[in-house]
Amino acid sequence: MNPTFSLTPETSIAIVGAGRLGGVLARALRASGFDVRGPSRRADEIPETDIAILAVPDAAIADAAKSTKSTRTVHLSGATSLDAVDFSIHPLQTFTGTESPEVFHGIGAAIDGRTDDDKSLARDLARALGMTPFTVTDRAAYHAAASFASNFVLTVLDAAEQLATAAGVENPREVLAPLVRQSVDNWQHEGAADALTGPIVRGDELTVATQRAATGAHRDLFDALATATRRIAGPRNPEADLHSLEKDRA
Ligand SMILES: NC(=O)c1ccc[n+]([C@@H]2O[C@H](COP(=O)([O-])OP(=O)(O)OC[C@H]3O[C@@H](n4cnc5c(N)ncnc54)[C@H](OP(=O)(O)O)[C@@H]3O)[C@@H](O)[C@H]2O)c1
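Residues numbered from 1 in each chain as written. Predicted model: local features only at pLDDT ≥ 70, side-chain atom pairs only at ≥ 80, totals over all residues. Heavy atoms only, no water.

1. Some points on the overall build of the protein
Scanning the protein from terminus to terminus reveals eleven helices and seven strands. Whereas a compact globule of 250 residues would reach a radius of gyration of roughly 18 Å, the protein reaches 23 Å, over 25% beyond that. Projected onto its principal axes, the C-alpha positions of the protein cover 70 × 35 × 30 Å. For the protein, with 250 residues in total, the buried portion stands at 37%. Taken as a whole, the protein presents about 14,100 Å² of accessible surface, with 53% of it coming from carbon and sulfur. For the protein, the distance from the average position of its 24 positive side-chain charges to the average position of its 33 negative side-chain charges is 2 Å. (Helix = DSSP H or I, 4+ residues; strand = E, 2+ residues; numbered from the N terminus. Rg over C-alpha atoms; globule rule 2.2 N^0.38 Å. Buried < 20%, exposed > 50% of the residue type's maximum accessible area, 1.4 Å probe, protein only. Areas by Shrake-Rupley, 256 points an atom, 1.4 Å probe, with all protein chains shown as cover. Lys, Arg positive; Asp, Glu negative; His and termini not counted. Charge placed at Lys NZ, Arg CZ, Asp CG, Glu CD.)

In structure tokens:
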């Protein structure tokens, strides 16, 4: 078992993986005053340090952990177990690699550790970057939630952009973005059921059917989302069969 140690400005930290998160994390840790080595593209290129942060694809974590000579290893994955590392910190944010070090300030971070000491270290490191640490009981469900909140939002917005473009809107991202931001604000403060507006919650089924007929290649996505939206709308909107409505209109 690794000896206990506390996080100090002298703590040396190696970053393995120079991708989207590795680079900005290295910049942020340096800005916080740590002795940072890397980011390195290969685990066997970095010197022995107090902590090695594995900023590699989830599938490469186990291999990278085997190659490091550092006292403690940490991964940044939301879904991966602790089998290959001592602790984990999952910053709940999306990183493309172009962000400034302040990107970590104020965001949440799911932390875990094999031992209480490891958990404390994870908590301290998250806080040193300005993040708010929290724990989860089901990593897979937690990570699925993060995908819904980020990746799938982009999937939906891409469909919106394509439909708006097909409808003749010249600058779809610019004109749709305020609608997206207000919806997110309303959801944050009131939850989805109270924030929901539009034809489904109003019960304007002919309007829903008209929309559906115009969705083209996005119809499967529209149907899946309309079904999920009806569940949120609940009893205010009795279940309606869109397919038969569309047939009625044909
Ligand atoms: N990006 C995000 O928004 C985000 C958010 C939260 C958590 N995370 C977590 O952060 C970790 C890294 O994600 P990422 O988005 O930064 O990935 P990424 O952009 O794909 O970067 C991964 C980096 O790891 C390198 N690499 C691949 N296999 C390696 C190996 N066996 N040994 C050493 N380096 C290796 C890659 O090098 P090559 O380019 O040469 O292959 C690349 O530089 C993942 O665990 C992810 O779940 C990411």
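2. Brief notes about the site of the ligand
Surrounding the ligand, one finds 19 residues, the nearest of these being Arg20, Leu21, Arg41, Asp58 and Phe95. One of the backbone nitrogen or oxygen atoms of Arg20 is found 2.9 Å away from an oxygen atom of the ligand. For the ligand, whose free accessible area comes to 900 Å², the fraction covered by protein is 70%. Here the residues of the shell around the ligand sort into ten nonpolar, six polar and three charged. (Near = heavy atom within 4 Å. Polar contact = N/O pair within 3.5 Å; in protein donor to acceptor, adjacent residues only side chain to side chain. Nonpolar A, V, L, I, M, F, W, Y, C, P; charged D, E, K, R; others polar.)

3. Some points on the packing of aromatic side chains
Applying the stated criterion to the full structure yields three aromatic pairs. Relative to Tyr142, the ring of Phe134 has its centre 5.9 Å away and its plane inclined at 75°; by these criteria the two rings are edge-to-face. On the basis of relative accessible area, Phe134 is assigned to the partly exposed category, the value being 27%. (Phe/Tyr/Trp six-rings, centres within 6.5 Å; stacked < 30°, edge-to-face > 60°.)

4. Some points on helix H9 (residues 205–213)
Listed as buried for H9 are Glu205, Val208, Ala209 and Arg212. Viewed end-on, H9 has its buried residues packed into an arc of 100°, placing them on one side of the element. (Arc of directions from axis to C-beta.)

5. Quick word on the domain arrangement of the protein
Domain boundaries in the protein define domain 1 (12–138) and domain 2 (148–249). Computed over C-alpha atoms, the centres of domain 1 and domain 2 are 37 Å apart. (Domains from an automatic or database assignment.)

6. A word on a nonpolar patch on the surface
A grouping of Val153, Leu154 and Leu157 is seen on the molecular surface, where their side chains present a nonpolar patch of about 230 Å² in accessible area. Tracing the chain through its elements places Leu157 in helix H5 (residues 151–166). What makes Leu157 partly exposed here is its relative accessible area of 31%. (Patch = residues over 30% accessible without salt bridge, like charges linked within 9 Å, V, L, I, M, F, W, Y side chains within 5 Å. Salt bridge = Lys/Arg side-chain N within 4 Å of Asp/Glu carboxyl O.)

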